[in-house]
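# Coordinate analysis (summary)
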Amino acid sequence: VFAVGHLSWEWRHSLRSVIHPLFIAVAYYLLHFFDVDSNFAVIFVPRLIHVVLFAISDRCFLEMAKHVLSPLEARYALFSYGIPSVLTVQLIPIVGGVVMALRWRGVTLVPLVISLFYIIFHSFLAHKEHRFLLPVIPLLSIYAGYFFVIRCVLIILLLLVNIPLAVYTGLYHQIGPFTASDFIAKHAMITFGKNKHFSVLQLMPCYSMPQYSHMHGLNCTLRALDCSPNLGNIGDFIDESDMFHSNPLAFIKCSRLFHAHFLTSDRQDSYIVVVCRNQTDWINT
C-alpha cells in the first residue's frame, strides 16, 4: 500500500497465508485513500483490527466449547483461554482437567488427541518457535474449564496472579523496541524532516523491533539482521543474526591495524579498529 516494507523468508517461500495481512492491507488502503494515514493510525489500527478478530475468535471458541462441555464449564474454559499469560498457572488446571477426563471420561478426549498430534508433528520440524504452539491453547483450555467447574476458588487465584502479570507485561515488559523506534522516528523527523533520506540498521534479535510502521511518513530505508533458516541445507550454516550475537565486534570489524607501541595520549590505543558499515550488504547508518 505504501510501497515500503520487509518481506520475511516465510513469504518468499509461500509458507504463510495472505488472509491475515489482507485485513491490515485493506485498512491501510482505506487510510491512504482518505489521506488519514498518520503515524499513529498506521501503528494502532492493526491493533484495533486484532482486538476485533480476537473477540470473534473468543466467541467462536465459546460456541465450540458448548458442544463439548456444559454451559458453565464452557464459560470457565473461555475464561482460562482469554488469560494472556497463556500457559503459566493455566498449566495446573489444564493438567488437572486432563487427569479428570482420563479418569472419569466426563469430557471428550478429542481435543487432547488433536493437541498431542499437533505438538508431536511440530517437534519434527527443523524450525521451531514457541508461537507455533498457540493454536492448541484453546483446545487445552477446554480441560481447564472442566477442572474449574468444581474448583471455583482457583479462579480467584488465577485473577490474583494474571492481572498483575497482564498489567506488567502489557505496559512495561520488553517495551524497549517500541520506545527505541519512537525515539528514532522523532529524532529523524527533527534531523532529516520528511523528505531527506536516512537509513536505520537494527542490530537486535530477529524481528524484535517494529519496522516501517513506526517510520511511516519518513524517507527511510530500514535494515535488520536476517535469521532465515538453512533452507538450502548448507553445511555449518550460521544465520546472520546468530553470527552477530556470537561476536558483535568481529561481525562489523573489517580490520585491526597496528598503531604504536608507545602511546602519547590516554585516548589512544595500540591498534586502530576499522569498522565497515557496508559489510555483508549493510545499509549505511
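The structure presented is a predicted model; accordingly, all values stated were derived computationally and were not measured.

Right, let's get into the overall build of the protein. On a plain count of helices and strands, the protein comes out with 11 helices and 4 strands. The proportion of buried residues among the 285 residues of the protein is 31%. Summarising the internal contacts of the protein: among those between residues at least 6 apart in sequence, 57% fall at separations of at least 24. Total accessible area on the protein stands at roughly 18600 Å², and carbon and sulfur atoms take up 67% of it.

Attention now moves to the state of the cysteines. Working definition of a disulfide: a covalent bond connecting the sulfur atoms of two cysteines. Throughout the structure, instances matching the rule amount to 1 disulfide. Through a disulfide, cysteine 206 is tied to cysteine 227; the S-S separation comes to 1.7 Å. Here the disulfide of cysteine 206 and cysteine 227 is left-handed, its torsion about the S-S bond being about -55°. In this pair, cysteine 206 sits in the loop between β1 (198-202) and β2 (220-224) while cysteine 227 sits in the loop between β2 and α10 (240-246), placing the two residues 21 residues apart along the sequence.

Attention shifts here to the nonpolar core. Counting residues in each nonpolar core, the largest one holds 18 residues, and the members touching the most others are Val107, Tyr143, Tyr146 and Phe148. Of all the elements in the fold, those that place two or more residues in this core are α5 (91-104), α7 (137-148) and α8 (153-171). Counting residues per element, this core draws most heavily on α7, which supplies 7 residues. Formed by 9 residues, the second largest nonpolar core is a distinct cluster that contains Ala185, Phe198, Val200 and Cys220.

UniProt's feature table lists "transmembrane region" (unreviewed entry) at residues 18-34, 40-57, 78-102, 108-125 and 132-161, given in the numbering used throughout. With 88% helix and 0% strand, residues 18-34 has its two end C-alpha atoms placed 24 Å apart.

Below, the discussion takes up the packing of aromatic side chains. Within the structure shown, the criterion is met by 8 aromatic pairs. When the centroid spacing of 5.0 Å and the interplanar angle of 10° are considered together, the rings of phenylalanine 192 and phenylalanine 198 count as stacked. Among the residues examined, phenylalanine 198 registers a relative accessible area of 6% and is labelled buried. Members of the aromatic cluster, each reached through a chain of ring pairs, are Tyr29, Phe33 and Phe34. Sitting over the face of the ring of phenylalanine 44, arginine 47 holds its NZ or CZ atom 4.6 Å from the ring centroid. Across the ring face of tyrosine 271, the terminal group of arginine 256 is positioned such that the distance to the ring centre comes to 3.8 Å.

On to the pattern of salt bridges. A side chain with one charge may pair with a side chain of the opposite charge, provided their charged atoms come close. Following the criterion strictly, the structure yields 4 salt bridges and no others. The salt bridge partner of glutamate 63 is arginine 59, with a shortest N-O separation of 3.0 Å. Here glutamate 63 pairs with arginine 59, and both are found in helix α3 (residues 39-68), just 4 residues apart, close to one helical turn. Residue classification places glutamate 63 among the partly exposed positions, given a relative accessible area of 30%. Its salt-bridge partner being glutamate 240, residue arginine 223 comes within 2.9 Å of it at the nearest N-O pair. Residue arginine 223 is located in strand β2, and its partner glutamate 240 is located in helix α10; the two are separated by 17 residues in the primary sequence. Across this residue pair, the class does not change: arginine 223 and glutamate 240 are buried.

The end-to-end C-alpha separation of α7 is 16 Å, in line with the 16 Å expected for 12 residues at 1.5 Å each. Across the 12 residues of α7, 12 count as buried, placing the element largely inside the fold. Of the positions making up α7, those classed as buried are Ile137, Pro138, Leu139, Leu140, Ser141, Ile142, Tyr143, Ala144, Gly145, Tyr146, Phe147 and Phe148.

With that out of the way, let us pick up the environment of histidine 13. Looking at the secondary structure, you find histidine 13 in the loop between α1 (9-12) and α2 (19-33). Considering only alpha carbons, one finds histidine 13 and leucine 231, 218 residues apart in sequence, at a separation of 9.6 Å.

The next subject is α5. The terminal C-alpha atoms of α5 lie 20 Å apart, and with 14 residues this matches the ideal 20 Å at 1.5 Å per residue to within 8%. For α5, every residue scored as buried is listed here: Pro93, Ile94, Gly96, Gly97, Val98, Met100 and Ala101. Here the buried face of α5 lies against α6 (110-123) and α7. Trailing α5 by a residue or two, arginine 105 shows a phi angle of about 55°, which is positive.

This part takes up the side chain of histidine 216. Assignment of secondary structure puts histidine 216 in the loop between β1 and β2. Residue histidine 216 is classed as buried on the basis of its relative accessible area of 18%. Within polar-contact distance, the side chain of histidine 216 engages the backbone oxygen of aspartate 37 at 2.9 Å.

Cut-offs and rules
Residues numbered from 1 in each chain as written. Predicted model: local features only at pLDDT ≥ 70, side-chain atom pairs only at ≥ 80, totals over all residues. Heavy atoms only, no water. Helix = DSSP H or I, 4+ residues; strand = E, 2+ residues; numbered from the N terminus. Buried < 20%, exposed > 50% of the residue type's maximum accessible area, 1.4 Å probe, protein only. Contact = heavy atoms within 4.5 Å. Areas by Shrake-Rupley, 256 points an atom, 1.4 Å probe, with all protein chains shown as cover. Disulfide = S-S within 2.5 Å. Core = buried A, V, L, I, M, F, W, Y, C linked by side-chain atoms within 4.5 Å. UniProt positions renumbered as here; feature names shortened; annotations may be inferred. Phe/Tyr/Trp six-rings, centres within 6.5 Å; stacked < 30°, edge-to-face > 60°. Lys NZ or Arg CZ within 6 Å of the ring centre and 35° of its normal. Salt bridge = Lys/Arg side-chain N within 4 Å of Asp/Glu carboxyl O. Expected span 1.5 Å × (residues − 1). Polar contact = N/O pair within 3.5 Å; in protein donor to acceptor, adjacent residues only side chain to side chain.

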